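Here is what each chain is made of, one letter per residue.
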Amino acid sequence: MRVLALAHGLWFGGAQVSTLEFFEIMRSRVELKVLTCAGADPKFLDALGAMSIDTYYMPCRTLLGYPMLAIEQAQKLVEWADAVWITDVEYSLAQQIKRIKNVPVVAHIHSYALVCPWWGAMYGHREVCTARCSVWRIVGCKQGINRELARVGLLDGVRAGAYWLLDFGKGPLDYFRWRRVMDSVVDSVDVFVAVSNATRDIVVSHLPEVRDRVEVVYNPAAHRPWRYVSSLPERRSNYIFYAGGANLNKGPHILLRAFKLLREWGVDVELVMTGTAGTWVEALARRYGVGQGVRFLGRLLEGEYFRLMAGAGATVLPSVWPEPLPTVAIESISLGVPVVGSGLGGIPEIVDKYGAVTPPSPEEVAEAVAKVLETRYDREEMKKYAHKKFGGGNVERFLSLLQSLVK
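What comes next is a walk through the structure. Keep in mind it's a predicted model, so treat the numbers as computed, not measured.

### Considerations on the packing of helix α9 (residues 252-264) against helix α14 (residues 362-373)
Item 1. Contact geometry for α9 and α14: axes closest at 8 Å, N-to-C directions at 60°. As far as their axial angle goes, α14 and α9 are oblique. Here the hand of the crossing between α9 and α14 comes out right-handed. Together, Ile254, Arg257, Ala258, Leu261 and Leu262 of α9 and Pro362, Glu363, Val365, Ala366, Val369 and Ala370 of α14 make up the contact between the two elements.
Item 2. Counted by class, the contact of α9 with α14 contains nine nonpolar, no polar and two charged residues.

This is the structure we're talking about:
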């Protein structure tokens, strides 16, 4: 089977990490070629190069955050393929592919970019945007985001008020531009692959017409940490681990307030936050009076990152939006570290009995962390669970799906 994968690689996030894991296993099972952007992230390109996969580079631009590859320059590649795989948000190319060749097109759903613009934040903040997309829904989402920014001090009152007014004009503009970008996408994709049941349910609530064309295949992310960690520490340490950086959607402001409560309750614990050094998160911690108990780190090398995660008492994901399937939670449980996560999106599908799921409020997060730190977990059992549910078997399921379409 000949598979052409479209992978823009313009940024390096969870979708790209998971895609590379698929590539690693697939490259020995099928004839795989990858079409990517000429200006892709060097980290993504280095990973591709290490796999010795046939890679082709195309000019790219972005519109509303959607990568637009010059697919017309890759006509021979499309004609070569038995199936075309849209690995992330390159959805707008589906119709152009069908014009070149009536080949099966499979599109991954790692986020909510398929159903509403401004996908990076449009679904943040108290589930305000999980209803069907519309002009007024986008206006409300934008205004909700600005209110959240004002609440944590990232916007002053004057600017928040000005943005609130401007959103009445910007919202409709984004909506109609998005409709043009996504025109006929749904009709041009044969099967969508959602990374969690929660993601599938949100997409189907927006687009009921795709209900029978959405399959759920988890990302094979459980094996990755073990390339850098040779063995588990004998015991969990008294620090909790956060890996969401300075992204407001990940809830670092919630965690800082929860950490302050833990200290007030006399819980002997430290907090390690990666990707936060020198950011507004560090400044906010000083405002909350907890700066002395927190280690603010920059971006770490993967080996250092996973060794730090493996030693933690718990990994905390107090996200305020419905995370589709956060890789960090899978990696943490694979390393035998329990997770305290929001009960939003795909997080409950990962955590199971290996941690706690809670609403993203400081009080409830603090209570859950205190309880998890006192609980004993079988780390080898956690590793086996993660590898079975989020391991290479998902690649086999994905390949079976492709094969059925080709046949």
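### Comments concerning the pairing of strand β6 (residues 83-86)
Item 1. Residue alternation in β6 divides its side chains into two sets, Ala83 and Trp85 and Val84 and Ile86, and both sets are buried.
Item 2. Here four bridges tie strand β1 (residues 2-6) to β6, and the two strands are oriented parallel to one another. Pairing of Val3 across the sheet is with Ala83, part of β6.
Item 3. Two elements, β6 and strand β7 (residues 105-109), share three bridges in a ladder whose sense is parallel. Counterpart to Val84 in the pairing with β7 is Val105.
Item 4. Taken together, β6, helix α4 (residues 94-100) and β7 form a β-α-β motif whose crossover is right-handed.

### Some thoughts on the state of the cysteines
Item 1. One pass over the structure, following the stated rule, counts one disulfide.
Item 2. For Cys37, the disulfide goes to Cys60, at an S-S distance of 2.1 Å. Across the S-S bond linking Cys37 and Cys60, the dihedral sits near -95°, which makes this disulfide left-handed. You can see Cys37 sitting in strand β2 (residues 31-37) and its partner Cys60 sitting in strand β4 (residues 60-63), a full 23 residues away along the chain.

### A short note on the side chain of Thr276
Item 1. Its location among the elements puts Thr276 in the loop between β11 (270-273) and α10 (280-288).
Item 2. With residues near it in sequence (within four places) discarded, Thr276 still touches Tyr242, Gly245, Ala246, Val281, Glu282, Phe296 and Leu297.

### Considering the pattern of salt bridges
Item 1. All told, the structure shown has 13 salt bridges when counted by the stated rule.
Item 2. Residues Arg200 and Asp201 are paired through a salt bridge, measuring 3.3 Å at the closest nitrogen-oxygen approach.
Item 3. By relative accessible area, Arg200 is classed as partly exposed at 27%.

### Remarks on helix α16 (residues 393-406)
Structural remark: α-helix, 3.6 residues per turn; residues separated by three or four positions point the same way.
Item 1. Over its 14 residues, α16 extends 20 Å from the first C-alpha to the last, a length consistent with the 20 Å expected when each residue adds 1.5 Å.
Item 2. All buried positions along α16 are accounted for by Asn394, Val395, Phe398, Leu399, Leu401 and Leu402. All buried residues of α16 project into a common sector of 155° when viewed along the axis, lining one side.

### Looking at the nonpolar core
Item 1. With 67 residues, the main nonpolar core has Leu256, Leu271, Met273 and Leu335 as its most contacted residues.
Item 2. Counting residues per element, this core draws most heavily on α9, at seven residues.
Item 3. Not counting residues up to four positions away in its chain, the partners in contact with Leu271 are Ile240, Tyr242, Leu255, Leu256, Phe259, Gly293, Val294 and Arg295.

### Here we look at the sheet that holds strand β8 (residues 191-194)
Whether parallel or antiparallel, the strands of a sheet pair through hydrogen bonds between backbone atoms.
Item 1. Sheet architecture is open: seven strands sit in the order β3-β2-β1-β6-β7-β8-β9, paired in parallel fashion. Each edge of the sheet is formed by a strand with only one pairing partner; in this case those strands are β3 (54-58) and β9 (214-216). With direction set aside, neighbouring strand axes in the sheet form an average angle of 25°.
Item 2. Where β8 meets β9, three bridges bridge the pair, whose relative direction is parallel. Considered in β9, the bridge of Phe192 is made with Val214.

### Remarks on unusual backbone geometry
Item 1. We note that Ser52 has phi near 55°; this positive angle belongs to a residue other than glycine.
Item 2. Within the secondary structure, Ser52 is located in the loop between α2 (42-51) and β3.
Item 3. Of note in the backbone geometry, Asp352 takes a positive phi value of approximately 55° without being a glycine.
Item 4. Note that Asp352 resides in the loop between α13 (347-351) and β15 (355-358).

### So, the packing of helix α11 (residues 302-310) against helix α12 (residues 327-334)
Item 1. Between α11 and α12, the least distance of the axes is 9 Å, while the angle of their chain directions is 60°. Two packed elements cross with a definite hand, and for α11 against α12 that hand is right-handed. Of α12, the residues touching α11 (which contributes Tyr305, Phe306 and Met309) are Val328, Glu331 and Ser332.
Item 2. Grouping the constituent residues of the contact of α11 with α12 by class yields four nonpolar, one polar and one charged.

### Here's the deal with the sheet that holds strand β12 (residues 294-296)
Item 1. Spatially, β12-β11-β10-β13-β14-β15 is the arrangement adopted by the six strands of the open sheet, whose pairing is parallel. The two strands at the open ends of the sheet, each matched to only one other strand, are β12 and β15. Going from strand to strand, the sheet's axes swing by 20° on average, the running direction of each strand aside.
Item 2. In terms of strand pairing, strand β10 (residues 239-242) meets strand β13 (residues 314-317) through two bridges, oriented parallel. The partner of Phe241 across the bridge, within β13, is Thr315.
Item 3. Against the sheet, α11 contacts β10, β11, β12 and β13, and its axis sits at roughly 135° relative to β10.
Item 4. Packed onto the sheet, α12 meets β13 and β14 (339-342) and runs at close to 165° relative to β13.

About the cut-offs
- Residues numbered from 1 in each chain as written.
- Predicted model: local features only at pLDDT ≥ 70, side-chain atom pairs only at ≥ 80, totals over all residues.
- Heavy atoms only, no water.
- Axes fitted to C-alpha atoms, helices over the stretch in contact; angles between N-to-C directions.
- Helix = DSSP H or I, 4+ residues; strand = E, 2+ residues; numbered from the N terminus.
- Parallel < 35°, antiparallel > 145°, perpendicular 65-115°, else oblique.
- Left-handed = near helix turned anticlockwise from the far one by under 90°.
- Contact = heavy atoms within 4.5 Å.
- Nonpolar A, V, L, I, M, F, W, Y, C, P; charged D, E, K, R; others polar.
- Buried < 20%, exposed > 50% of the residue type's maximum accessible area, 1.4 Å probe, protein only.
- Pairing = 2+ DSSP bridges.
- Right-handed = clockwise from strand over helix to strand, strands pointing away.
- Disulfide = S-S within 2.5 Å.
- Salt bridge = Lys/Arg side-chain N within 4 Å of Asp/Glu carboxyl O.
- Expected span 1.5 Å × (residues − 1).
- Arc of directions from axis to C-beta.
- Core = buried A, V, L, I, M, F, W, Y, C linked by side-chain atoms within 4.5 Å.

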